[in-house]
Structures are given as C-alpha cells and as structure tokens.
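Spelled out from the first residue to the last, the chains are:
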Amino acid sequence: MVSSTDSRDVDHFRDRVRLYLQVMLVIGLGARRGVFMKKVIEVLTVTVLVGGIGGVPGARSAAAQTAPSAPVQYPDLPSETPAQLAVSTYGFDHTRREEMIPMRDGVKLHTVILVPKGATSAPILLTRTPYDADELTTHSQSAHLGPALSGYDNATDVIVEGGYIRVVQDVRGKHGSEGDYVMNRPMRGPQNPTPVDHATDTYDTIDWLVKNVPETNGKVGILGISYDGFLTLTALFDPHPALAAAVPMNPMVDGWIGDDWFHNGAFRQQNMPYIWEQEATRKTEAKWWTSHFDDYDTYLQAGSAGEVGRRHGLEQVGFWRKILAHPTYDAFWSEQAMDKLLAAQPLTVPVMLVHGLWDQEDIYGDIAVYEAIEPKDTANDRVFLVMGPWNHGQEIQDGSSLGPLRFGSDTALHFRREILRPFLDRYLKDDAPSADVPPVAAFETGTNTWRDLDSWPAGCASGCTIQPTPLYLTAGLGLRFEAPRSDEVPFEEYVSDPARPVPYQPRPIQPMGYEDDGTWPKWLVSDQREASGRPDVRAFVSEVLTAPVKISGRPIAHLIASTSGTDSDWVVKLIDVYPDQVAGQAELGGYQLMISADIFRGRYRESLETPGPLTPDAPLPYRFALPTANHVFRAGHRIMVQVQSSWFPLYDRNPQTFVSDIFWAKPGDYQKAVQRVHHAPGQASFVELPLVEWTGEDDAR
C-alpha cells in the first residue's frame with residue numbers, strides 16, 4: 001500500500017513529467033509524439049507504484065523512509081543563534097526560578113518563584129491562577145521586581161516594599177501546568193469524584209515551597225482577585241500548617257445567585273466570550289469573534305443565548321455544556337457555592353475579605369462568605385472585611401476615582417498601606433509589630449470617609465443602630481417613607497418589548513474587557529438618566545432630602561408586580577440623584593448614580609430549583625436582596641428607585657412567555673407584555689433600606 005506521503009511524491013513526479021511533455025509540445029514535437037509521452041507517464045506511474053525507480057521522489061528505500069534526514073548545515077556561514085542560550089541577569093534585584101511542582105497524583109504544576117536578592121527568613125506570598133504565571137510575573141521586561149510585577153494580579157508595593165518572596169502558579173490544565181482544566185474545579189465531593197481539587201493542590205504546593213525555598217521563614221500567605229480569589233478561598237479547606245493568612249479579593253463564590261454566570265436566574269450572557277477563551281485551549285489562544293461594533297446588536301440579532309453559543313461553536317467546551325444543562329439552582333450550583341461549603345469548615349486561618357462596592361463582576365460572593373464564616377470568629381480576630389469604592393480588582397490600582405466619582409484620596413493606596421500590608425506582616429513576618437487592623441474597614445460613599453467597625457453591617461463604631469425601613473413606591477412615581485394611601489392610583493404601568501430591551505449602559509456597548517477606553521469597569525457608576533427617560537422604565541423619585549440618609553447593608557427589594565405574560569424579569573435599581581447643578585464638577589449636575597441594583601427572573605419566584613409560569617395579570621410578590629451598600633444620600637440630593645424588565649445585553653432576554661428552557665427560546669416566544677408595579681395598601685411595593693438610626697453622639701454622624 002502506498003502511504004499518503006508516497007502518493008504525494010508520485011503526484012509530484014507525474015506533474016513534472018506532464019510539464020516536460022507540455023514543453024515538448026510547445027517546441028513542435030507534434031501531437032503524435034504527445035500521445036506517446038502520455039503512454040510514458042502511465043508506464044512510469046505504474047512502475048513507481050509497483051517497485052519504484054531510482055531517482056523518482058516516490059521511490060524511497062526502506063532505510064530512507066525510517067531515518068530522518070539530517071538538517072542542512074553550511075559550515076562556511078553558520079547560524080548566529082546560540083544552540084543554548086544563557087540569559088544574563090546582571091543588575092537584577094531578584095532571582096527567578098521556574099519549577100514543575102509535583103502534586104499527590106503525579107501531575108506537575110508550573111510555578112514561578114521570585115526571590116528578592118539577599119532575602120533570608122522571608123515569608124512567601126502565593127497566588128494560584130488560570131491566567132498565565134509567566135505573564136503575571138513579567139508585566140515588564142525589567143531587572144527590577146517592581147516593574148516586572150506591576151499589573152494584575154499583584155499588590156506590587158506591598159510585595160516589593162515588604163520583602164516578600166513572590167510565587168505565582170498555573171492551575172492544573174492551564175498554560176505551563178500539566179493535567180486537565182475544569183472551570184472553578186469543584187471541591188472533592190458530589191461534584192468532584194476525583195482525589196484532587198484546588199485545596200489539595202494548594203496544600204501540596206505549600207508543602208513543596210517550605211521545603212525547597214531556602215530563603216523562606218516557613219510562613220505562607222495566599223491572595224488573589226476574582227478567579228484567583230476563588231482559588232484563595234479553596235486554600236481554607238484542610239489548610240497546610242504553614243498557611244498563615246489568606247486574602248481573597250472579589251472572589252467568585254456562587255455563580256448562580258449573584259456572581260459571574262447568573263444573577264437570581266438571569267444569565268449573564270456577555271460572559272460567553274470569557275468561557276470560550278478560557279476553556280477552548282490550554283494557553284487561551286482561541287479568541288471570540290464579534291459581528292457588530294455594538295454588543296447590543298450582536299446578541300439581539302442572534303436571539304437567545306443558546307443560539308449565540310451555537311453560532312460560535314461554544315458547545316465544544318465543557319463548562320458551556322454544563323451551563324446549558326443546569327439553568328436552575330440545582331445541586332450542581334448549590335453544592336459548589338463556597339459560602340455554603342466554608343460555613344461547614346473549621347476556621348483556622350486568618351482571612352481578610354476584600355469587597356468592591358461597585359464590583360461589576362463578583363459583587364455578591366465576598367459578603368456572603370463573610371456572613372458564613374464570621375460567626376465562627378468568637379474572638380473577633382480571624383475574620384476581617386474591607387469594603388472600598390472600587391470596581392473589580394481596583395484595590396491594586398489607583399483608587400482616587402471611579403468614572404466621574406472623585407474620592408478625595410487614593411483609597412486603594414490607603415488600603416494597601418494601612419490595612420493589607422499591616423495584616424500580612426502581622427501574620428507572616430517573624431518580627432513584625434502587632435498591627436492595629438480593624439475587623440471591618442468600610443469606606444462610606446457619599447461622604448468619602450473610612451470607618452473602622454467591629455462588625456458588618458454597622459452604621460458607625462458606636463451610637464447607632466441598623467433599622468430595616470421600607471421606602472415605598474407611591475402614586476405619581478413618588479418615593480417616600482410613608483405607606484401608600486387608599487385614595488391613590490394603585491399601580492404604575494409600562495410595556496416591556498423584548499425587541500427593544502433596556503440597555504444596561506449607554507450604547508454602543510463594547511464587549512467585556514479592561515481596555516483603556518472600555519466602559520465595562522465603570523458601568524455600575526454610569527449615569528442612569530438614559531434609562532429613566534425610557535417609556536419601559538418606571539422611575540420613582542423622592543422629594544429633595546433636607547437631611548442625610550445613611551444606609552449600611554443590603555437593601556431588599558419587595559415588589560408586588562404583575563405581567564400580562566407568563567414569565568418576566570424584574571430589575572430594581574437604588575439611585576442617588578445629585579442636585580441639578582454641582583459646584584466644581586458640572587458634569588455631576590442631575591447625575592443619577594446607581595448605589596445598588598440587581599435582577600430577578602420571575603419563573604423562580606416560588607422555587608429557585610423548579611421554575612414555573614406566572615399567572616397572567618395577577619399581582620405577585622417578589623423579594624430579593626440587592627448588593628451591599630455603605631452610602632450617605634446627602635441633603636440636597638434625592639433618592640430614586642427604577643424598575644424595568646430587561647438589562648441587555650449583559651443578561652439574556654426573558655421571552656415573557658414561559659418556555660421550558662430560555663437558552664433555546666424561539667423568535668415567536670418573545671412577546672410584548674404589560675407590566676404593572678403595584679403600590680396600593682395591602683399591595684405595597686417598597687425597597688427595605690438598612691437605615692442607620694442615631695442613638696447617641698458619634699463622629700460618624
């Protein structure tokens with residue numbers, strides 16, 4: 001049998017003979033001689049297939065077919081590239097080591113170790129990541145550790161000024177590490193029947209580090225943002241004895257309730273490019289393509305999220321198939337929720353949870369973890385919480401402003417210098433002084449003030465209480481603390497049209513990302529005036545405040561609402577409306593700043609696990625929590641609550657007719673619906689504010 005390679009050689013030989021024939025014909029050898037040459041080609045071809053002819057490309061000896069040919073070399077003009085490169089590190093202030101650290105199952109994980117020159121008895125700061133350890137440790141080609149680390153996911157000033165040994169490791173299955181990749185690999189148990197998880201990998205890594213890095217004092221801290229924050233949380237399960245501190249920042253905790261993948265059942269479809277790029281290849285080479293400049297058009301044209309995925313071939317990656325198979329809050333999600341899992345674990349490692357008040361990606365999880373583990377901290381010295389006025393990961397960047405908001409100081413630098421470094425030094429350094437780090441450090445937006453607190457929620461250090469207080473939606477699109485009256489119009493009405501969903505930020509909407517001119521990091525502080533002026537958004541507004549109103553904690557939406565359809569989404573936004581003119585910053589005149597907002601998918605009103613249709617035109621209660629806030633609505637401002645039924649394209653559209661699986665809703669399923677927000681006595685809609693009430697004198701007032 002002729003191999004495919006031999007077949008190509010025969011074809012090449014035949015083509016050369018045919019070319020020779022054509023040349024002969026051109027120079028006048030005649031048609032009859034051409035017929036003769038055609039016979040020659042046939043004979044030569046048969047000869048090659050049967051036994052080969054010396055000199056014919058396809059006729060290679062057995063030795064030639066098995067022995068690779070030696071590379072061509074030209075001794076008189078040799079290659080100028082060295083056979084083996086020795087990289088000079090002259091003038092470097094650190095040494096770089098790369099190791100393949102073995103795990104208990106034999107898989108080896110690629111690990112970068114950066115040791116400051118002259119380090120002795122230095123603690124280790126570890127980050128485990130799916131985002132390429134090489135890239136995270138070479139943001140700049142520099143001999144100096146600071147420039148090399150300056151960028152995600154490094155609190156560079158803390159690491160360099162603190163003299164820490166920096167270690168960054170690729171998780172199994174990504175970039176330089178061996179093994180299989182699983183998105184947010186579940187902990188060992190019902191969702192992970194294997195003997196390994198991120199907890200065991202972290203344990204094995206720390207065990208290797210303290211035994212093989214001679215410059216260390218044997219103490220390890222772990223920290224990370226977002227996915228890396230999730231990985232930090234996993235280290236708290238059966239932790240290694242050398243693990244002395246953990247700092248999960250903006251961690252992914254519960255992907256269905258309120259972090260990356262869903263919010264209360266509504267799918268965050270603009271995360272689909274992330275799923276593709278994260279799982280399609282080991283080194284993230286495959287990139288998501290776009291068809292429109294405005295993502296609004298991309299997702300609207302495709303129809304359903306399932307169809308968007310189909311058009312991009314997303315079903316090839318395993319996590320997308322899992323999302324399609326688990327649209328409800330079933331065991332797949334609830335058994336992976338880190339807050340629930342950590343609630344059942346002993347608390348042995350000091351933990352500092354870091355939260356961004358305008359975190360556009362993971363605004364739910366760290367507060368949920370705090371609520372789960374803080375009750376275990378009976379001495380109030382092992383669980384710490386920091387809340388800053390930041391977007392996702394801004395705590396390691398400049399924290400002076402966010403969008404149009406100015407905070408009067410670099411809040412992120414304050415966090416790193418005055419909170420994070422003293423915390424790490426306290427638990428990781430042998431001779432560090434005892435640091436006075438408060439159990440809760442909460443930035444108060446509106447007044448731009450840090451508050452040191454003993455617990456959360458707490459409106460002040462002393463002299464106040466948190467009083468859940470209804471702020472009622474009333475007739476005439478009013479908003480007040482007094483309950484609605486019987487003589488008022490009982491509801492507000494609007495038409496929700498899936499063909500014209502409400503944008504979640506001003507268009508054109510760019511894909512999720514952190515480019516310099518991108519809007520994604522700032523969308524939670526974008527002006528909500530465009531939405532409040534739409535006919536399919538109802539904006540309830542208070543009178544001008546004559547005194548400050550302070551909230552600390554989670555507002556709770558209590559809606560009594562009806563729809564003419566059989567399914568519906570409900571979006572509730574709590575907004576600070578600035579005065580009509582603002583001295584010194586004209587662009588904030590009349591600005592509508594979103595303080596806390598979220599979405600709820602109506603089909604889960606009675607059960608998060610078992611969806612059901614809504615009764616058309618029946619006023620039904622919906623109750624769901626909004627993200628944590630620590631804010632003062634100042635005198636001269638107004639409070640607004642917006643209600644709408646879409647938040648597109650961040651969340652997939654609800655067809656407003658009940659279908660078994662919204663991922664595969666058909667064009668005909670998407671129907672207009674008449675939406676009513678009720679505010680009559682006995683059917684009152686309101687937002688329950690965690691209102692701070694003063695019981696004595698305190699400087700926080």
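Before going into details, it helps to say that this report is about the structure given with it. Given the structure is predicted, the values throughout are model-derived calculations rather than measurements. (Residues numbered from 1 in each chain as written. Predicted model: local features only at pLDDT ≥ 70, side-chain atom pairs only at ≥ 80, totals over all residues. Heavy atoms only, no water.)

1. Considering the overall build of the chain
Point 1. From N to C terminus, the chain includes 17 helices and 27 strands.
Point 2. Restricting to contacts in the chain with at least 6 residues of sequence separation, those with at least 24 account for 74%.
Point 3. Accessible surface, the chain as shown: approximately 29,900 Å² in total, 52% of it carbon and sulfur. (Helix = DSSP H or I, 4+ residues; strand = E, 2+ residues; numbered from the N terminus. Contact = heavy atoms within 4.5 Å. Areas by Shrake-Rupley, 256 points an atom, 1.4 Å probe, with all protein chains shown as cover.)

2. Regarding unusual backbone geometry
Point 1. A cis amide bond, omega 0 degrees, links tryptophan 456 with the succeeding residue proline 457.
Point 2. Relative to the assigned elements, proline 457 resides in the loop between strand 14 (449-453) and strand 15 (464-474).
Point 3. At aspartate 238, a residue that is not glycine, the phi angle is positive and equals roughly 45 degrees.
Point 4. Following the sequence through the fold, aspartate 238 ends up in the loop between helix 8 (227-234) and strand 6 (243-249).
Point 5. Positive phi values are uncommon outside glycine, yet threonine 284 reaches one of about 60 degrees.
Point 6. Here threonine 284 falls in the buried class, since its relative accessible area comes to 17%. (Buried < 20%, exposed > 50% of the residue type's maximum accessible area, 1.4 Å probe, protein only.)

3. Side note on the pairing of strand 17 (residues 491-496)
Point 1. Residues Glu492, Tyr494 and Ser496 of strand 17 are buried on one face, while the alternating residues Phe491, Glu493 and Val495, pointing to the opposite face, are not.
Point 2. When strand 17 meets strand 26 (residues 673-678), the two strands line up antiparallel, connected through six bridges. Opposite phenylalanine 491, over in strand 26, you have histidine 678 as the bridge partner. (Pairing = 2+ DSSP bridges.)

4. As for the nonpolar core
Point 1. With 174 residues, the main nonpolar core has Trp320, Met352 and Trp358 as its most contacted residues.
Point 2. A per-element tally of this core places helix 16 (residues 411-428) first, with eight residues. (Core = buried A, V, L, I, M, F, W, Y, C linked by side-chain atoms within 4.5 Å.)

5. Brief notes about a nonpolar patch on the surface
Point 1. A surface patch of nonpolar side chains, amounting to about 410 Å² of accessible area, comprises Val72, Tyr74 and Leu77.
Point 2. According to the relative accessible area criterion, valine 72 is exposed, its value standing at 65%. (Patch = residues over 30% accessible without salt bridge, like charges linked within 9 Å, V, L, I, M, F, W, Y side chains within 5 Å. Salt bridge = Lys/Arg side-chain N within 4 Å of Asp/Glu carboxyl O.)

6. Overview of the pattern of salt bridges
For side chains of opposite charge, pairing can occur when their charged atoms come near one another.
Point 1. What the rule picks out here adds up to 33 salt bridges.
Point 2. Residue arginine 421 pairs with glutamate 161 through a salt bridge whose shortest N-O separation is 3.8 Å. Highlighted residues: arginine 421 in helix 16 and glutamate 161 in helix 6 (residues 156-161), separated in sequence by 260 residues.
Point 3. We classify arginine 421 as partly exposed; its relative accessible area is 23%.
Point 4. Classification of glutamate 161 by relative accessible area gives exposed; the value is 51%.
Point 5. Between glutamate 493 and arginine 676 there is a salt bridge, with the nearest N and O atoms lying 2.7 Å from each other. Here arginine 676 lies in strand 26 and glutamate 493 lies in strand 17, a separation of 183 residues in the sequence.
Point 6. On the basis of relative accessible area, glutamate 493 is assigned to the partly exposed category, the value being 35%.
Point 7. Here arginine 676 falls in the partly exposed class, since its relative accessible area comes to 32%.
Point 8. Shared partners join several salt bridges into a network, and the residues in it are Asp105, Arg128, Arg172 and Asp201.

7. As for the packing of helix 7 (residues 198-212) against helix 8
Point 1. The interhelical angle for the contact between helix 7 and helix 8, taken along N-to-C directions, is 75 degrees, at an axis separation of 8 Å. Of the possible angle classes, the one that applies to helix 7 and helix 8 is roughly perpendicular. On helix 8, the residues touching His198, Ala199 and Thr202 of helix 7 are Phe230, Leu231 and Thr234.
Point 2. Residue composition of the contact of helix 7 with helix 8, by class: three nonpolar, three polar and no charged. (Axes fitted to C-alpha atoms, helices over the stretch in contact; angles between N-to-C directions. Parallel < 35°, antiparallel > 145°, perpendicular 65-115°, else oblique. Nonpolar A, V, L, I, M, F, W, Y, C, P; charged D, E, K, R; others polar.)

8. With respect to the sheet that holds strand 1 (residues 94-102)
Point 1. Spatial ordering of the open sheet is given by 1-2-4-3-5-6-9-10-13-14, a layout of ten strands whose pairing is mixed. With partners counted over all chains shown, the strands left at the sheet margins are strand 1 and strand 14, one partner each. The average angle at which neighbouring strand axes cross in this sheet is 20 degrees, direction not considered.
Point 2. As judged from the six bridges shared by strand 3 (residues 122-129) and strand 4 (residues 165-170), these two strands associate in the parallel manner. Across the sheet, the residue bridging to isoleucine 124 is isoleucine 165, located in strand 4.
Point 3. Together, strand 9 (351-356), strand 10 (383-388) and strand 13 (440-444) form the strand contacts of helix 15 (residues 365-373), whose direction differs from that of strand 9 by roughly 145 degrees.
Point 4. Against the sheet, helix 16 makes contact with strand 3, strand 5 (216-225), strand 6, strand 9, strand 10, strand 13 and strand 14, and its axis sits at roughly 160 degrees relative to strand 6, the strand it touches most.

9. What to know about the packing of aromatic side chains
Each aromatic ring pair is specified by the distance between its two centres and by the angle formed by the two planes.
Point 1. One pass over the structure, following the stated rule, counts 33 aromatic pairs.
Point 2. Between phenylalanine 407 and phenylalanine 443 the ring centres are 5.8 Å apart and the planes differ by 75 degrees, which places this aromatic pair in the edge-to-face class. In this pair, phenylalanine 407 is assigned in the loop between strand 12 (405-406) and helix 16 and phenylalanine 443 in strand 13, connecting sequence segments 36 residues apart. Across the pair, exposure class does not vary: phenylalanine 407 and phenylalanine 443 are buried alike.
Point 3. Linked through ring pairs, Trp256, Trp261, Phe262, Phe267, Tyr274, Phe319, Trp320, Tyr329, Phe332, Trp333, Tyr604 and Phe663 together constitute an aromatic cluster. (Phe/Tyr/Trp six-rings, centres within 6.5 Å; stacked < 30°, edge-to-face > 60°.)

10. Focus: helix 8
Working note: α-helix, 3.6 residues per turn, so residues spaced by three or four point in the same direction.
Point 1. Summarising burial for helix 8: eight of the eight residues are buried, a large majority.
Point 2. Those residues of helix 8 not exposed but buried are Tyr227, Asp228, Gly229, Phe230, Leu231, Thr232, Leu233 and Thr234.

11. Examining the side chain of asparagine 391
Point 1. Position of asparagine 391 among the secondary structure elements: in the loop between strand 10 and strand 11 (401-402).
Point 2. According to the relative accessible area criterion, asparagine 391 is buried, its value standing at 6%.
Point 3. In terms of polar contacts, asparagine 391 uses its side chain to reach the backbone carbonyl oxygen of proline 521, at 3.1 Å.
Point 4. Every residue in contact with asparagine 391, bar those within four places of it in the chain, is listed here: Trp358, Asp359, Gln360, Leu402 and Pro521. (Polar contact = N/O pair within 3.5 Å; in protein donor to acceptor, adjacent residues only side chain to side chain.)

12. Quick notes on the packing of helix 9 (residues 272-279) against helix 12 (residues 318-325)
Point 1. At their nearest, the axes of helix 9 and helix 12 sit 8 Å apart, and the two run at 140 degrees to each other. The orientation of helix 9 with respect to helix 12, classified from their angle, is oblique. Here Met272, Ile275 and Glu279 of helix 9 lie close against helix 12, whose contacting residues are Gly318, Phe319, Trp320 and Ile323.
Point 2. Of the residues belonging to the contact of helix 9 with helix 12, the class tally is five nonpolar, one polar and one charged.

13. Quick notes on the side chain of aspartate 497
Point 1. Note that aspartate 497 resides in the loop between strand 17 and helix 17 (529-532).
Point 2. It turns out aspartate 497 is buried and unbridged, and the closest side chain with the opposite charge, lysine 672, is 4.1 Å from it.
Point 3. A distance of 2.9 Å separates the side chain of aspartate 497 from the backbone nitrogen of alanine 499, its partner in a polar contact. (Lys, Arg positive; Asp, Glu negative; His and termini not counted.)

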